[in-house]
2 protein chains.
Amino acid sequence: MAAKSKAGSLERHPRPSVAVDVVALTVEAGQLRVALYKRAEPPQRGHFALPGGFMHIDESIDDAANRVMAAKVGLAGSFLEQLYTFGDLRRDPRGRVITVAYYALVDARRFRAKATPAARSARVLVPWPGETGGPVDVVGDDGRALPLFLDHADLLGLAVKQLRGKLDDSPVGFQLLPTEFTLRQLQEIHEAVRGEPLNKDSFRRRMLASGLLEATGAHEREVVHRPAELYRFTRRSAL
Amino acid sequence: MAAKSKAGSLERHPRPSVAVDVVALTVEAGQLRVALYKRAEPPQRGHFALPGGFMHIDESIDDAANRVMAAKVGLAGSFLEQLYTFGDLRRDPRGRVITVAYYALVDARRFRAKATPAARSARVLVPWPGETGGPVDVVGDDGRALPLFLDHADLLGLAVKQLRGKLDDSPVGFQLLPTEFTLRQLQEIHEAVRGEPLNKDSFRRRMLASGLLEATGAHEREVVHRPAELYRFTRRSAL
DNA sequence: CGGCATATATGCATTGTGCATCTAACTCCC
DNA sequence: GGGAGTTAGATGCACAATGCATATATGCCG
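No experiment lies behind these values; they were computed from the predicted model shown.

## Side note on the interface of chain A and chain B
So, step 1. If you look at the interface, chain A gives 37 residues, while chain B gives 37 residues.
So, step 2. Run the count over chain A and chain B and you get zero salt bridges.
So, step 3. For the side of chain A that touches chain B, the secondary-structure elements that each account for two or more residues are β1 (17–28), α1 (61–73), β5 (79–86) and β6 (97–105) of chain A.
So, step 4. For the side of chain A that touches chain B, the leading source of residues is β5(A), giving four residues.
So, step 5. Partitioning the side of chain A that touches chain B into residue classes produces 19 nonpolar, eight polar and ten charged.

This is the structure we're talking about:
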């Protein structure tokens, strides 16, 4: 991409590499989980990294994030939104790399069915309410902390913070649930993300009053108690 | 920055240029205003651009934003926060340029005193409440719309949205006021940013109850009515 | 000194939330 | 087949936050 003299020129400074990393989140059994894969090469071989890759020169950043999501996690077409761009000088020992972080939300059923085996999910140690913003760690299913690649704990922490903010103003569990779900399931999503229990009645009232949900008329089945009504998101809530 | 074989190599793909643009906002006389300068060179000569520049290879993105703020606006050390990274393929006719957008908040007095003459401020046409997110236009002091450079209307729109969100959860006028101010001035800031009038009593009560303000004991002077008490932000509110 | 403009305080109706209680509907177990 | 167990969903009430109206305070100006 040489400089053009007519239309204004791009300076010939050395340029950084631009990467994309995706924080792919899901909620399973009341736990917030994130897709990670174990690094097979240096630097930091054996550490756990968010799925990522370098942006190509002929694709937009959003396209790069979608490509990563499809190729490395196996979940194309997921809800995906840009988060923050990390660009400290020494964040990557391989050279000057800035990374545009995205977060993705996937419902647990789809994640289990379609995620690539390489991208296992690990449990996120959700910070206390009001403590968001800093780095956040993950633990394996044995409860031991997993070492994270580079500054990926920072990316994860910001994703949790962003997701909490999202739940606050459009009070909806976005793409973390299948199309039909019970109010209890929706509440479990909120509790897992926020890291604190919520009042059941007030949660019900707020959700129903928001107009973002509509009843399907159907009910859940094969539960050991009174079956709850199934709801879906209205079109408006897709913003 | 050549690839290193030992520590993992950076691919030799062509790399985009990385720019930084700053949405420097201030509130004056109840109006939200943004710093712009008129382009003297193509492309889009005569259009109005946000102050910006290319990131150097040996500075962090934050440092680049601070450098732009100091060099092009003359307001070093302002409150500055990253906003979003724009990376569409054809957003800049000069080539593949992704830009990391920042927004800055400056109080009106400091802006008037120190902003460089080249960076004039223009009035922001604040969108209706609930209409945020899309592109936002500006008008000159004669009321005529000013043509904006590239996708800078999108950057501005996102800055307004972000600022509104900021005011919602930490309900404080950040750096848009001098260190001491009256509650009425604080309310005017909020109204200018939100684009709607606010209830005076409830605004007072919420602010005082938040614990983010403390009274100085002093009062404003030389007003033609009862002078209001002056407040300042507590240390906590600086987050 | 009286008029005027705005600050600040007080009271009240309305609304949202937390909490307790009550009833409904389904499965499981005997 | 009926009772126990469990969660869904509805209702009522105390309490806090908000919007609105009203009353009082405090400065300048003529």
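And the narrative resumes.
## With respect to the protein's contact with DNA strand D
So, step 1. In the neighbourhood of DNA strand D, 19 residues make up the surrounding shell, with Val224(A), His225(A), Glu229(A), Ser202(B) and Arg226(B) lying closest.
So, step 2. Within 4 Å of the protein, atoms of DNA strand D come from sugar and phosphate in 63% of cases.
So, step 3. Within the side chain of Arg226(A), one N or O atom sits 3.3 Å away from a base nitrogen of DNA strand D.
So, step 4. Between DNA strand D and the protein, one listed contact pairs a phosphate oxygen with a side-chain N or O atom of Ser202(B) at 2.3 Å.

## Remarks on a negative patch on the surface
So, step 1. Taken together, the side chains of Asp62(A), Asp63(A), Asp88(B) and Asp154(B) define an acidic patch exposed on the protein surface.
So, step 2. The residue Asp62(A) is located in helix α1 in this model.
So, step 3. Residue class for Asp62(A) comes out partly exposed when judged on its relative accessible area of 36%.

## Things to note about the protein's contact with DNA strand C
So, step 1. Near DNA strand C, the surroundings consist of 19 residues, among which Ser202(A), Val223(A), Lys200(B), Arg204(B) and Glu229(B) are the closest.
So, step 2. Among the atoms of DNA strand C lying within 4 Å of the protein, the sugar-phosphate backbone contributes 64%.
So, step 3. A distance of 3.4 Å separates a phosphate oxygen of DNA strand C from a polar atom in the side chain of Arg184(B).
So, step 4. Contact between DNA strand C and Arg226(B): a base nitrogen at 3.3 Å from a side-chain N or O atom of the residue.
So, step 5. Of the residues in the surface near DNA strand C, the class split is four nonpolar, four polar and eleven charged.

## Brief notes about the domain arrangement of chain A
Residues and elements named next belong to chain A.
So, step 1. When cut into domains, chain A gives domain 1 (11–166) and domain 2 (172–233).
So, step 2. One C-alpha centre belongs to domain 1, the other to domain 2; they are set 27 Å apart.
So, step 3. With 19 residues of domain 1 at the interface, the matching set in domain 2 holds eleven residues.
So, step 4. In total, domain 1 and domain 2 occlude about 1,300 Å² of area from one another, counting both sides; carbon and sulfur atoms represent 71% of this.
So, step 5. The interface formed by domain 1 and domain 2 includes zero salt bridges.
So, step 6. In this structure, the connection of domain 1 to domain 2 is made through three residue pairs in polar contact (both at pLDDT 80 or more).

## Quick word on the packing of aromatic side chains
So, step 1. Following the criterion strictly, the structure yields six aromatic pairs over all chains and no others.
So, step 2. Look at Tyr84(A) and Phe86(A): their rings are 5.2 Å apart centre to centre, the planes differ by 70 degrees, and that puts the pair in the edge-to-face class.

## Focus on the relation of the copies chain A and chain B
For the pair of chain copies, the relating transformation is a rotation about an axis with a translation along it.
So, step 1. Of the transformation superimposing chain A on chain B, the axial component is 0.0 Å and the angular component is 180 degrees, with the fit at an RMSD of 0.1 Å. On this basis, the relationship between the two copies can be described by a two-fold rotation axis.
So, step 2. When the interface residues of chain A are mapped onto chain B, 100% of them again fall at the interface, so both copies present the same face.

## Some thoughts on the packing of helix α3 (residues 152–169) of chain A against helix α4 (residues 183–194) of chain A
Residue and element names in this part refer to chain A.
So, step 1. At their nearest, the axes of α3 and α4 sit 9 Å apart, and the two run at 140 degrees to each other. Looking at the two axes, α3 sits oblique to α4. Two packed elements cross with a definite hand, and for α3 against α4 that hand is left-handed. Note on element contacts: α4 touches α3 through His 190, Val 193 and Arg 194, opposite Val 160, Leu 163, Arg 164, Leu 167 and Asp 168.
So, step 2. Broken down by class, the residue content of the contact of α3 with α4 amounts to four nonpolar, one polar and three charged.

## Digging into the confidence of the model for chain A
In regions of low pLDDT, the predicted coordinates are not meant to be interpreted in detail.
All names here are of chain A.
So, step 1. Across chain A, pLDDT averages 89, with 94% of residues at or above 70.
So, step 2. By mean pLDDT, strand β7 (residues 120–124) is the weakest element of chain A at 88, and β6 is the strongest at 97.
So, step 3. This stretch, residues 1–7, has a pLDDT under 50; its non-local contacts, to residues over four places away or in other chains, come to twelve contacts.
So, step 4. The ipTM, which scores confidence in the relative placement of chains, is 0.88 for this predicted complex, and the corresponding pTM is 0.90.

## Quick word on the environment of Leu230(A)
Residue and element names in this part refer to chain A.
So, step 1. Among the structural elements, Leu 230 can be located in strand β11 (residues 229–233).
So, step 2. For the pair Leu 230 and Ala 119, spaced 111 residues apart in sequence, the C-alpha separation works out to 31 Å.
So, step 3. The contact partners of Leu 230, leaving out residues within four places of it in the chain, are Glu 180, Phe 181, Thr 182, Glu 214, Ala 215, Thr 216, Gly 217, Ala 218, His 219 and Glu 220.

## Observations concerning helix α1 (residues 61–73) of chain B
Residue and element names in this part refer to chain B.
So, step 1. If you check α1, its first and last C-alpha atoms are 17 Å apart, about what 13 residues at 1.5 Å a residue would give, namely 18 Å.
So, step 2. All of the buried residues along α1 are Ile 61, Ala 64, Ala 65, Val 68, Met 69 and Val 73. End-on view of α1: buried residues confined to an arc of 140 degrees, all on one side of the axis.

Cut-offs applied
Residues numbered from 1 in each chain as written. Chains lettered and ligands numbered in written order. Predicted model: local features only at pLDDT ≥ 70, side-chain atom pairs only at ≥ 80, totals over all residues. Heavy atoms only, no water. Contact = heavy atoms within 4.5 Å. Salt bridge = Lys/Arg side-chain N within 4 Å of Asp/Glu carboxyl O. Helix = DSSP H or I, 4+ residues; strand = E, 2+ residues; numbered from the N terminus. Nonpolar A, V, L, I, M, F, W, Y, C, P; charged D, E, K, R; others polar. Near = heavy atom within 4 Å. Polar contact = N/O pair within 3.5 Å; in protein donor to acceptor, adjacent residues only side chain to side chain. Patch = residues over 30% accessible without salt bridge, like charges linked within 9 Å, V, L, I, M, F, W, Y side chains within 5 Å. Areas by Shrake-Rupley, 256 points an atom, 1.4 Å probe, with all protein chains shown as cover. Lys, Arg positive; Asp, Glu negative; His and termini not counted. Charge placed at Lys NZ, Arg CZ, Asp CG, Glu CD. Buried < 20%, exposed > 50% of the residue type's maximum accessible area, 1.4 Å probe, protein only. Domains from an automatic or database assignment. Buried area = accessible area lost by both parts, 1.4 Å probe. Phe/Tyr/Trp six-rings, centres within 6.5 Å; stacked < 30°, edge-to-face > 60°. Least-squares fit on C-alpha atoms with pLDDT ≥ 70 in both. Axes fitted to C-alpha atoms, helices over the stretch in contact; angles between N-to-C directions. Parallel < 35°, antiparallel > 145°, perpendicular 65-115°, else oblique. Left-handed = near helix turned anticlockwise from the far one by under 90°. pLDDT = per-residue confidence, 0-100. Expected span 1.5 Å × (residues − 1). Arc of directions from axis to C-beta.

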